[in-house]
Amino acid sequence: MKKYAPILFPLAILLLIKFLFIFDFFDKLEYLSQDQMFRIRGAKDVSGDLVIVAIDDASFSSLDMTWPFPRNLHAKLIENLNRAGVRQIVFDVEFTESGDSAADLHLAETAARYNNVIFAGKLIHSSDQGVHVQKLEPIRPISERGLSWGIVNIDTDDDSVIRRYTLFEPFDQERVYTLGIASLANHRVYQPNWTDHIKIEKGKLQVIDKAIPIVNDKKALINYYGPNETFLTLSYASILDDSLLIMPGQIVDGTPNEIDEYYDILNSGILEGKTVLVGATTAELHDNFATPFSGRVLTPGVEIHANFIEMVHQGDYLSRLNLWLYLLGEFILLLLLWFVYRKLRPQLGAVLLIGLIVMQGVLAYQLFARQSIIIPVVQSMLVFILVYVAALLNHYIETMKEKRFIRTAFQQYMAPELVNELLRSPQKLAYGGSLQEITVLFSDIRSFTTYSENHKPEETVQILKEYLTAMVEIIVRNKGILDKFVGDEIMALFGTPVPLPNHALCACRVALEMRERLTEMQQGWAAEGRESFEIGIGINTGYAVVGNLGSEQIFDYTAIGDTINLGARLEGLNKEYDTAKHIIISEFTLEHVQDMVEVNFIDEVKVKGKNKAVKVYELVRIL
């Protein structure tokens, strides 16, 4: 065990950190560090295209009413906003329960007349007798006219802070989109069938020309622009306050104190072409939530919708660094620190530790502020501290031996001389790989599923073991490497990680030897009264990304790219063309073995994933 200590100790530290972050306490610390990034960065400039009409304390005072307000007032609000030239009106106010029928009808007809109003609905989740979801749509006069609406469901994180915006909720085998998405989808053209034009592609929700990155299956990270009132905010009562409406709260000694604030707003033109979000900001309506900017002052839900819509309009999305890439980087850094700390005096190690923590904080902030990328802060700091402490407590652990790791990783599926060459040049295994010209060989048993169904499991396993053992021996002997088994399929690489003078010729030789060895085995199986099978082989040559493309948990030296894909397709072509040896090579392989092998032209085929047809040949023999 001691010889693996240089790997095991950093790995144990990393696993311990991951284990700690299962608990809410550490998760909350990470969230708090991310929130601090927002506060340090401060407010960002907004476009000015969004305006909030707040149902605030002043509105209640001026109207001298209790909630809910009469729906005739909301209809009047729609009229006054449209007189002021707004582009779109988004209600973060739910009209899901019927009220006065005449007022309901008036609200719906007014909205339909202007054709630019987005209403709010909701999904209610209940756990009585299992999980039950109820969809609350806007009242019938609104829904019957096909007016656009979205749900206002927004979930908080475990610490009750809203950092992610719900894009949609699944309901009855369809997606019900949220208010912000409804606003975006109707921003250019207001249309009843706007949901038909939304789709998910490559982890993004495509809304017209906006591609919103999706996290946690149905959400987006919110890049908040600032604390409360970052957006221009007008009072609900101010929009209503024209000469036609008397404000009860402005009556002094029985005489109306006419202010008519609406005309100042109208004449200023500040609403011209704007998207207006209408929602409650007063604490009494309980529509306020904690956000990264909140502190002790909660943020109205309508401002959360505004932050999301503004973010999408500007295309300024938050993203998290790729988890696997970050884990790999963290592990590599752990290994480096493990060696450094063991060689430094404790005092110098402590100075380095402080410097690393400061640098990590600066890096995290710069990535956040400049690139809108979030990376773990608390997690990385704990990693630095624990590896320092572990190095102090375990100074006797031997230096990690990279060559031992390479030998362990490769000796099972490549020739010993290739392993020794790798040990002399370990830099060839840098994570991420490099572009190399190689030859790939795919071999697959024909109709093996049918074969396994017709034989007992132990018979199938035994004959597969005999076959694979023989084929791998041929590959390794000819300086190829076994990349992987995929069931009964074999993938082998030639020309990597150590260059071969003619890797294409080596692959052709291996294919012919595999074919000859299988014939011998078939004869032996027949003599034993056992049923045999056939194989198909495909060979292709070209450039591919080759290297350690695995994870921190599993080392995987492999190759990816069009060259590999084409090799697999060629193997599959054996099902379509009847060749003597069932070996098909591409024109790209033939270029490397011209005048060295005998081939028969088969066809010029267009395989999946290739726009241009590829010439394919039957491999007959080596000259």
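Owing to the predicted nature of the structure, the values given are computational and were not obtained by experimental measurement.

Trainee: What should I look at first to understand the overall build of the chain in this one?
Mentor: When its secondary structure is counted, the chain shows 20 helices and 28 strands. Relative to its full complement of 623 residues, the chain shows a buried share of 50%. The contacts of the chain with a sequence gap of at least 6 include a subset with a gap of at least 24, amounting to 73%. Carbon and sulfur atoms provide 54% of the accessible area of the chain, an area that totals close to 30000 Å².

Trainee: Sorry, what's going on with the nonpolar core here?
Mentor: Ile181, Ile212 and Phe308 are the most contacted members of the largest nonpolar core, which has 94 residues in total. The dominant element in this core, judged by the number of residues it contributes, is helix H10 (residues 301-314), at seven residues. Residues contacting Ile181, with those up to four places away along its chain left out, are Leu167, Trp194, Ile198, Leu205, Val207, Ile212 and Phe308. In terms of nonpolar packing, the next biggest core, distinct from the first, is built from 42 residues, Leu500, Ala511, Ile535 and Tyr617 among them.

Trainee: Any chance you could explain the packing of aromatic side chains here in plain terms?
Mentor: The relative placement of two aromatic rings is captured by the distance of their centres and the angle of their planes. All chains considered together, the criterion is met by 21 aromatic pairs. For the pair Phe95 and Phe119, a centre-to-centre distance of 5.9 Å together with 70° between the ring planes defines the contact as edge-to-face. Of the two residues, Phe95 sits in the loop between strand E2 (88-94) and helix H5 (101-114) while Phe119 sits in strand E3 (residues 117-126), which places them 24 residues apart along the sequence. With a relative accessible area of 1%, Phe95 lands in the buried category. Centroid distance Trp525 to Phe533: 5.3 Å. Interplanar angle 50°. Geometry classified as tilted. Assessed through its relative accessible area of 2%, Trp525 is described here as buried. A relative accessible area of 5% means that Phe533 is categorised as buried. Through successive ring pairs, a cluster of aromatic residues spans Phe448, Tyr451, Tyr467, Trp525 and Phe533. In this structure, Arg175 is placed above the aromatic ring of Phe168, and the distance from its NZ or CZ to the ring centre is 5.5 Å.

Trainee: What exactly am I supposed to notice about the pairing of strand E21 (residues 434-445) here?
Mentor: Side-chain direction in a regular strand flips from residue to residue, so the side chains alternate between the two faces of the sheet. Of all 12 residues in E21, nine are buried; the element is thus mostly enclosed. Pairing of E21 with strand E24 (residues 535-548), which is carried by 12 bridges, proceeds in the antiparallel orientation. Bridging across to E24, Ser443 finds its partner in Ile537. The pairing of E21 with strand E23 (residues 489-494) spans five bridges and is classified as antiparallel.

Trainee: What am I meant to see in the side chain of Arg446 here?
Mentor: Within the secondary structure, Arg446 is located in the loop between E21 and helix H16 (448-453). In contact with Arg446, not counting residues within four places along its chain, are Glu534, Ile535, Gly536, Glu571, Asn574 and Lys575.

Trainee: Whenever I open this one, the pattern of salt bridges confuses me. Can you help?
Mentor: As a working rule, side chains carrying opposite charge can pair if their charged atoms are close by. Taken as a whole, this structure holds 27 salt bridges when the rule is applied. A salt bridge links Asp35 to Arg163; the shortest N-O distance between them is 2.8 Å. One end of the pair, Asp35, is in helix H2 (residues 24-41); the other, Arg163, is in the loop between strand E5 (149-151) and strand E6 (164-166), with 128 residues separating them in the sequence. Look at Asp35 and you get buried, because its relative accessible area is 3%. Residue Arg163 is classed as buried on the basis of its relative accessible area, which comes to 7%.

Trainee: Where do I start with the sheet that holds strand E11 (residues 210-213) in this structure?
Mentor: Where strands meet in a sheet, backbone hydrogen bonds hold them as pairs that are either parallel or antiparallel. The three strands are arranged E9-E10-E11 in an open sheet whose pairing can be described as antiparallel. A single partner strand is all that each edge strand has here, and the edge strands are strand E9 (199-201) and E11. Put simply, the sheet's adjacent strands are angled 35° from each other on average, direction ignored. Here four bridges tie strand E10 (residues 204-207) to E11, and the two strands are oriented antiparallel to one another. Bridged to Leu205 within E11 is Ile212.

Trainee: Quick question: what am I supposed to make of the pairing of E24 here?
Mentor: Taking burial as the measure, the 14 residues of E24 include 12 buried ones, the bulk of the element. In this sheet, strand E26 (residues 583-586) lies alongside E24 in parallel orientation, the contact comprising three bridges. Bridging from a neighbouring strand, Ile537 pairs with Ile583 of E26.

Trainee: What is the right way to read the packing of helix H11 (residues 323-343) against helix H13 (residues 378-393) from this model?
Mentor: The relative placement of two packed helices is expressed as an angle between their axes plus a distance between the axes. For the pair H11 and H13, interaxial distance at closest approach is 9 Å and the crossing angle is 30°. Comparing their axes, H13 and H11 come out roughly parallel. Once H11 is placed against H13, the crossing between them reads as right-handed. Together, Tyr326, Glu330, Leu333, Leu334, Leu337, Trp338, Tyr341 and Arg342 of H11 and Gln379, Ser380, Val383, Phe384, Val387, Tyr388, Ala390 and Ala391 of H13 make up the contact between the two elements. Partitioned by chemical class, the residues of the contact of H11 with H13 number 12 nonpolar, two polar and two charged.

Trainee: Help me understand a nonpolar patch on the surface in this model?
Mentor: Among the surface-exposed residues, Leu16, Phe19, Ile22 and Phe23 lie close enough to one another that they form a single nonpolar patch of about 400 Å² accessible area. Note that Phe23 resides in the loop between helix H1 (5-20) and H2.

Trainee: Please clarify how H2 should be interpreted in this entry.
Mentor: Residue pairs three or four apart in sequence face the same way in an α-helix, which turns once every 3.6 residues. The end-to-end C-alpha distance of H2 is 26 Å, a good match for the 26 Å that 18 residues give at a rise of 1.5 Å each. Among the residues of H2, those classed as buried are Phe26, Glu30, Tyr31, Ser33, Gln34, Asp35, Met37, Phe38 and Arg41.

Trainee: Help me out: how do you make sense of the confidence of the model for the chain in this one?
Mentor: One rule of thumb: low pLDDT means the predicted coordinates there are not for detailed reading. Mean pLDDT over the chain: 86, with 89% of residues reaching 70 or higher. Taken as a whole, residues 396-401 scores under 50 in pLDDT and shows 18 contacts with residues more than four places along the chain or in a different chain.

Trainee: Explain the side chain of Gln88 to me, please; I cannot follow it from the model alone.
Mentor: Mapped onto the elements, Gln88 comes out in strand E2. For Gln88, a relative accessible area of 1% gives the class buried. Engagement of the side chain of Gln88 in a polar contact is seen with the backbone oxygen of Asn186, the distance being 3.4 Å. For Gln88, the contacting residues outside a window of four places in its chain are Asn116, Ile118, Ser183, Asn186, His187, Lys274, Thr275 and Val276.

Basis of the calculations
Residues numbered from 1 in each chain as written. Predicted model: local features only at pLDDT ≥ 70, side-chain atom pairs only at ≥ 80, totals over all residues. Heavy atoms only, no water. Helix = DSSP H or I, 4+ residues; strand = E, 2+ residues; numbered from the N terminus. Buried < 20%, exposed > 50% of the residue type's maximum accessible area, 1.4 Å probe, protein only. Contact = heavy atoms within 4.5 Å. Areas by Shrake-Rupley, 256 points an atom, 1.4 Å probe, with all protein chains shown as cover. Core = buried A, V, L, I, M, F, W, Y, C linked by side-chain atoms within 4.5 Å. Phe/Tyr/Trp six-rings, centres within 6.5 Å; stacked < 30°, edge-to-face > 60°. Lys NZ or Arg CZ within 6 Å of the ring centre and 35° of its normal. Pairing = 2+ DSSP bridges. Salt bridge = Lys/Arg side-chain N within 4 Å of Asp/Glu carboxyl O. Axes fitted to C-alpha atoms, helices over the stretch in contact; angles between N-to-C directions. Parallel < 35°, antiparallel > 145°, perpendicular 65-115°, else oblique. Left-handed = near helix turned anticlockwise from the far one by under 90°. Nonpolar A, V, L, I, M, F, W, Y, C, P; charged D, E, K, R; others polar. Patch = residues over 30% accessible without salt bridge, like charges linked within 9 Å, V, L, I, M, F, W, Y side chains within 5 Å. Expected span 1.5 Å × (residues − 1). pLDDT = per-residue confidence, 0-100. Polar contact = N/O pair within 3.5 Å; in protein donor to acceptor, adjacent residues only side chain to side chain.

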